[in-house]
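What follows is each chain in one-letter form.
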Amino acid sequence: MKNKNRQVLFALVVTFGLILTFFTAINTYAATGTSTETARINNVMIDNGNYKTKIDFKMTSDGSQLILYSPDYDNLDINYLKAELGNSNVVTNKNGDYVIVNLTNELNSKNSGSFNVEMKQFNDDNLAIRDMNGNNLAVRSLTPVDRANENDSDNIDVSNKPVLRLVDSGTSSSPIGTENSYYVTGNWYDYDSKNVALYYSLDVNDPSKASKVASYTQSESDGHNLVVHSFSENINLSGKSGNHTVYFWIKDSDGNWSSVSSSVINVAATNKVYSGFSPASALFASRALVPAAATAGNSVVKLILTNNGIDTPNTYTADNPYMSKSTGFQFKVYINTPNVDVYHATVYYETDVESQKVYISTGGGFNSTINVPAKINTSLYTDNKLHYVKVMLRQSKQLGSVISNDPNGQILASDTLYFRTGYSLAVDPPKSIDFGSYMPGGGKSPILNANLDGSKLLVIDGRNVDNYQKLQLITHNLKNSTGNQLGGNIYWGNTPYEYGSPIDIRNIDGPSSNNTIKTYDLSSLLEQNLKMKLDTNDLSSGTYDANSSIGNVWTWQFVSSL
C-alpha cells in the first residue's frame with residue numbers, strides 16, 4: 001500500500017493525577033539558540049530536467065529528524081525522497097512548504113550520514129535544511145548563482161536577488177481575458193532585504209522602463225527563513241484592447257531585480273472606465289468634505305457570490321462552507337449607508353491568506369450593489385482547508401478637510417464567507433482528543449473513551465481521479481519528562497492495537513464526478529471507537545507528551561484501498 005498523505009498529530013498531556021489531552025497543532029519554528037546539529041547541501045547536478053544533490057548531516061546523540069524547507073515546495077520530488085528514505089520516514093506539509101525526514105536508518109556510529117534530494121529544474125529554486133527547532137543548518141540555491149551577486153557565508157549559498165512567481169499567468173495560446181484592469185496575484189521572497197517593490201511594464205521587457213505598483217515589507221527573520229509572501233494587485237488598462245504582455249519584477253532595497261515573470265492578457269474593448277473606484281465614488285466626491293466622523297448607524301455590507309451570471313447571497317458558514325473545484329470565484333458587495341453627509345467609509349476585503357485590499361470608497365445615503373466583481377484566485381487555496389473571505393466597511397481617515405482610506409479604521413459593518421477548494425484528499429484533524437482523567441484507586445474504569453470536546457475530524461475530498469483510499473491513524477505511546485512510557489494499549493472498538501500500528505478509521509469512496517467537493521464528518525465515529533486502556537499496575541502521575549523531538553508523534557495518513 002502506498003501512503004498518499006500524512007499529517008502529524010502532536011500530543012500534549014497536562015496532568016493532575018493523570019489527565020490525557022491530545023492537541024493538533026501547526027508547527028511554528030523559532031530560529032533561536034545554537035544548534036549542535038550540522039548539515040551541508042553539496043554540489044548540484046542537473047539530470048533530465050531535475051536538480052540532484054546530496055545532503056550530508058551530523059545529528060546529536062538523541063536526534064534523528066531534520067526539516068527540508070523550500071519556498072518552491074511544489075518542485076520537490078517527494079516520491080523520490082520516500083523511495084530514498086522509506087514512506088514512513090517522510091512526513092509532508094504542503095501548506096507549510098516543508099518535509100520532516102526521519103533519518104534513523106541513515107545514521108552511522110558517529111550519528112552522521114547522508115541522503116539524496118531531487119527537485120524539478122526551475123528558475124531560482126532554493127532549499128533549506130533545518131533542525132527541529134527551525135534553525136537553518138544550510139541554505140542553498142539549486143539554480144547556479146551569479147557569484148558577483150550572492151550571499152555566501154556559514155553554509156549559506158543563495159542569490160541576493162528576490163524571487164517572484166506569478167499565479168495563473170496567461171500565454172500567447174491561452175491569454176487571460178480581462179477588461180480595463182488586470183488582477184494579478186503571485187508570491188515573492190527575498191533572503192536578505194526587508195523592503196521590496198513590485199514593478200510592471202506593458203509589452204516592454206525592460207525593468208528600467210517599468211512602473212512601480214506597490215511596496216512590501218518583511219522582517220529580517222522572514223527573509224532568512226525564506227518566508228513566501230503573497231500579493232494581489234490591479235493593473236490599470238484603461239484605453240487598451242486586444243492582446244498584450246505584462247512583465248513583472250520585484251526590486252529589493254539594495255537595487256537587485258528578480259528574474260522577469262510575464263503574463264499574456266486579452267483586454268476586451270469597453271466604455272467603462274474605473275480608476276480604483278466604482279461609479280459610487282462620484283457620490284462620495286460630490287459631498288462636502290467636512291471634518292466629522294462616520295458612525296455605524298444602520299450601516300450594512302453584504303457579500304454576494306457571482307459566478308456564470310448567477311448571483312447567490314452569502315449563507316455560507318464555517319460548518320457549511322462554499323465548496324468548489326473551480327480555479328476561482330467572484331463576489332460583489334451590497335452597501336447600505338446612513339443618509340448623512342458626514343458619513344465617509346471604505347469597503348475593504350481580505351482572506352485568511354491574502355492581506356486587506358480596497359474595494360470601493362463610499363459616502364452616506366448609498367443603497368445599492370456594486371456590479372464590479374472582485375476575484376478570489378483559488379490556486380492559492382488548494383489545500384482543501386477551511387478558508388474565508390471577509391468584507392469590511394471601515395471608517396475613513398480625516399485630517400482637516402482631507403478624507404482618505406484608513407485600513408485600520410473602525411469597522412462599521414462586515415460579512416464573512418467561508419469556503420474550501422482544491423483537488424486533493426485532505427484530513428482536517430480535531431483540535432483536541434480528550435481521554436479524561438484517571439486516579440489510581442479511585443474505582444474508575446481504566447478504559448478511557450476519546451472526547452473531541454466539540455472539535456471535529458473531517459475528510460475533504462476534491463479529487464478528480466477515481467482512486468479509492470483509506471484513512472488511518474498511527475499512534476505512539478506517550479512519555480513523561482523522565483522518558484517513562486504510559487502503560488496500556490490503544491483500542492479501536494473492542495480491538496487492541498499496538499502503538500505504531502496503523503488503525504483503519506474509514507474507507508473513502510471514489511471522488512465526485514461533478515465539480516463539487518465531498519466532506520466526511522468522522523467525529524462521532526472517532527469518539528465511539530477510539531479508546532485507551534491503562535495498565536493499572538504500570539502508572540505514575542506526571543506530564544506525558546508525544547512530539548517530534550522524542551519521536552512519538554501521532555499521524556493521520558491515507559493509503560490505497562482496494
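Above this text is the structure in question.
Read on for a plain summary of the structure. (Residues numbered from 1 in each chain as written. Predicted model: local features only at pLDDT ≥ 70, side-chain atom pairs only at ≥ 80, totals over all residues. Heavy atoms only, no water.)

1. Focus on the overall build of the protein chain
Right, on to step 1. In terms of helices and strands, the protein chain carries four helices and 46 strands.
Right, on to step 2. Expressed as a percentage of its 562 residues, the buried residues of the protein chain come to 48%.
Right, on to step 3. Expressed as a percentage of contacts within the protein chain between residues at least 6 apart in sequence, the contacts between residues at least 24 apart total 75%.
Right, on to step 4. Per element, the accessible surface of the protein chain, about 25,700 Å² overall, is 46% carbon and sulfur. (Helix = DSSP H or I, 4+ residues; strand = E, 2+ residues; numbered from the N terminus. Buried < 20%, exposed > 50% of the residue type's maximum accessible area, 1.4 Å probe, protein only. Contact = heavy atoms within 4.5 Å. Areas by Shrake-Rupley, 256 points an atom, 1.4 Å probe, with all protein chains shown as cover.)

2. Some details on the side chain of Asp131
Right, on to step 1. Along the polypeptide, Asp131 turns up in the loop between strand E11 (126-130) and strand E12 (136-141).
Right, on to step 2. Although buried, Asp131 forms no salt bridge, and the nearest oppositely charged side chain, Arg130, lies 7.9 Å from it.
Right, on to step 3. In this structure the side chain of Asp131 is engaged in a polar contact, spanning 2.9 Å, whose partner is the backbone nitrogen of Asn135. (Lys, Arg positive; Asp, Glu negative; His and termini not counted. Salt bridge = Lys/Arg side-chain N within 4 Å of Asp/Glu carboxyl O. Polar contact = N/O pair within 3.5 Å; in protein donor to acceptor, adjacent residues only side chain to side chain.)

3. Focus: the environment of Ser238
Right, on to step 1. Position of Ser238 among the secondary structure elements: in the loop between strand E20 (229-236) and strand E21 (242-252).
Right, on to step 2. The partly exposed category is assigned to Ser238, whose relative accessible area is 30%.
Right, on to step 3. C-alpha separation for the pair Ser238 and Glu179, spaced 59 residues apart in sequence, amounts to 8.3 Å.

4. What about the sheet that holds E21?
Right, on to step 1. Ordered by their spatial adjacency, five strands build an open sheet running E16-E22-E21-E18-E19, and the pairing between neighbours is mixed. The open sheet has two edge strands, strand E16 (176-178) and strand E19 (211-217), and neither has a second partner. Neighbour-to-neighbour, the strand axes of this sheet turn through a mean angle of 30°, independent of strand direction.
Right, on to step 2. For E16 and strand E22 (residues 261-267), the ladder comprises three bridges, and the chain directions are parallel. Within E22, the position partnered with Thr178 by the bridge is Val267. (Pairing = 2+ DSSP bridges. Axes fitted to C-alpha atoms, helices over the stretch in contact; angles between N-to-C directions.)

5. Concerning the sheet that holds strand E37 (residues 458-461)
Right, on to step 1. The three strands lie next to each other as E34-E37-E43, forming an open sheet whose pairing is antiparallel. Every interior strand has two partners, whereas the edge strands, strand E34 (425-428) and strand E43 (518-521), have only one. Strand after strand, the sheet turns through a mean of 15° between neighbouring axes, direction not considered.
Right, on to step 2. With four bridges connecting them, E37 and E43 associate as antiparallel partners. Each bridged residue has a counterpart across the sheet, and for Ile460 the counterpart in E43 is Thr519.

6. Considerations on the side chain of His387
Right, on to step 1. Mapped onto the fold, His387 is located in strand E30 (residues 387-395).
Right, on to step 2. Of the polar contacts made by the side chain of His387, one reaches the side chain of Asp352; its length is 2.6 Å.
Right, on to step 3. The residues contacting His387, other than those within four sequence positions of it, are Asp352, Val353, Tyr381, Leu417, Tyr418 and Phe419.

7. Observations regarding the pairing of strand E46 (residues 554-560)
Right, on to step 1. Within E46, seven of the seven residues are buried, which leaves it mostly tucked inside the rest of the structure.
Right, on to step 2. When strand E38 (residues 469-474) meets E46, the two strands line up antiparallel, connected through six bridges. Of the residues in E46, the one forming a bridge with Leu473 is Trp556.

8. Brief notes about the packing of aromatic side chains
Right, on to step 1. Scanning all chains against the criterion turns up 15 aromatic pairs.
Right, on to step 2. With a centroid separation of 6.5 Å and an interplanar angle of 80°, the aromatic rings of Tyr349 and Tyr359 are classed as edge-to-face. Here Tyr349 is found in strand E27 (residues 344-351), whereas its partner Tyr359 is found in strand E28 (residues 357-363), with ten residues between them in sequence. The same class applies to Tyr349 and to Tyr359, which are both buried.
Right, on to step 3. One aromatic cluster is present, formed by Tyr316, Tyr322, Phe329, Tyr381 and Phe419 through successive ring pairs.
Right, on to step 4. Here the basic side chain of Arg130 rests over the ring of Tyr69, its NZ or CZ set 4.2 Å away from the ring centre. (Phe/Tyr/Trp six-rings, centres within 6.5 Å; stacked < 30°, edge-to-face > 60°. Lys NZ or Arg CZ within 6 Å of the ring centre and 35° of its normal.)

9. Observations concerning helix H1 (residues 78-85)
Since there are 3.6 residues in each turn of an α-helix, residues three or four apart along the chain are aligned in direction.
Right, on to step 1. Burial in H1 covers these residues: Ile78, Leu81, Lys82 and Leu85. An end-on view of H1 places all buried positions within 100° of arc, on one side of the element.
Right, on to step 2. In this structure Asp77 caps H1, since a side-chain oxygen of it lies 3.3 Å from the backbone nitrogen of Asn79.
Right, on to step 3. Just beyond H1, the residue with positive phi is Gly86, at close to 100°. (Arc of directions from axis to C-beta.)

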